[in-house]
Amino acid sequence: MDGGIQPSGYLLELSLDWIVERASENVHHLLGESHVTLIDEPLGRFVQSQALHDLRNLFSRLSATTGIARA
């Protein structure tokens, strides 16, 4: 693997208050929005509330205040 993002996924970098700071260019295939459109917007604008709830639960289990997780 060359370090790229898998075709079935995308990369998002979020602030601590769940605002999209960076997004991979392929995000439009899965969320239907350009990566440029997502920047500076709350993640909840683009994903369903149950998915957002599940993500928050997953990331709350990280052991540090900053971290990386795959979901």
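One structure accompanies this document, and this report is about it.

Reading the values: rules and limits
- Residues numbered from 1 in each chain as written.
- Predicted model: local features only at pLDDT ≥ 70, side-chain atom pairs only at ≥ 80, totals over all residues.
- Heavy atoms only, no water.
- Helix = DSSP H or I, 4+ residues; strand = E, 2+ residues; numbered from the N terminus.
- Buried < 20%, exposed > 50% of the residue type's maximum accessible area, 1.4 Å probe, protein only.
- Contact = heavy atoms within 4.5 Å.
- Areas by Shrake-Rupley, 256 points an atom, 1.4 Å probe, with all protein chains shown as cover.
- Salt bridge = Lys/Arg side-chain N within 4 Å of Asp/Glu carboxyl O.
- Core = buried A, V, L, I, M, F, W, Y, C linked by side-chain atoms within 4.5 Å.

Looking only at helices and strands, the chain has three helices and two strands in total. Its helices and strands taken in sequence order, the chain reads β-β-α-α-α from the N to the C terminus. Looking at the 71 residues of the chain, the share that counts as buried comes to 18%. The contacts in the chain between residues at least 6 apart in sequence include a share of 14% that link residues at least 24 apart. Here the chain displays about 5,500 Å² of accessible surface, and carbon together with sulfur accounts for 51% of that area.

With a phi close to 65 degrees, tryptophan 18 is a non-glycine residue in the positive phi region. Position of tryptophan 18 relative to the elements: it lies in the loop between β1 (12-14) and β2 (20-23). The phi torsion at aspartate 40 lies on the positive side, around 70 degrees, for a residue other than glycine. Counting through the fold element by element, aspartate 40 comes out in the loop between α2 (35-38) and α3 (49-60).

This part covers the pattern of salt bridges. Counting across every chain of the model gives two salt bridges. Measuring nitrogen to oxygen at the nearest pair gives 3.5 Å for the salt bridge that ties arginine 22 to glutamate 13. Ionic pairing is found between glutamate 41 and arginine 45, a salt bridge with its closest N-O pair at 3.3 Å. Residue classification places glutamate 41 among the partly exposed residues on the basis of a relative accessible area of 26%.

Attention now goes to the nonpolar core. Residues Trp18, Val20, Ala23, Val27, Leu38, Leu43, Phe46, Val47 and Leu52 constitute the largest nonpolar core, which totals nine residues. Here valine 47 is in contact with Leu31 and Leu52, once residues within four sequence places are set aside.

Remember that the coordinates give geometry; whether it matters functionally is a separate question.
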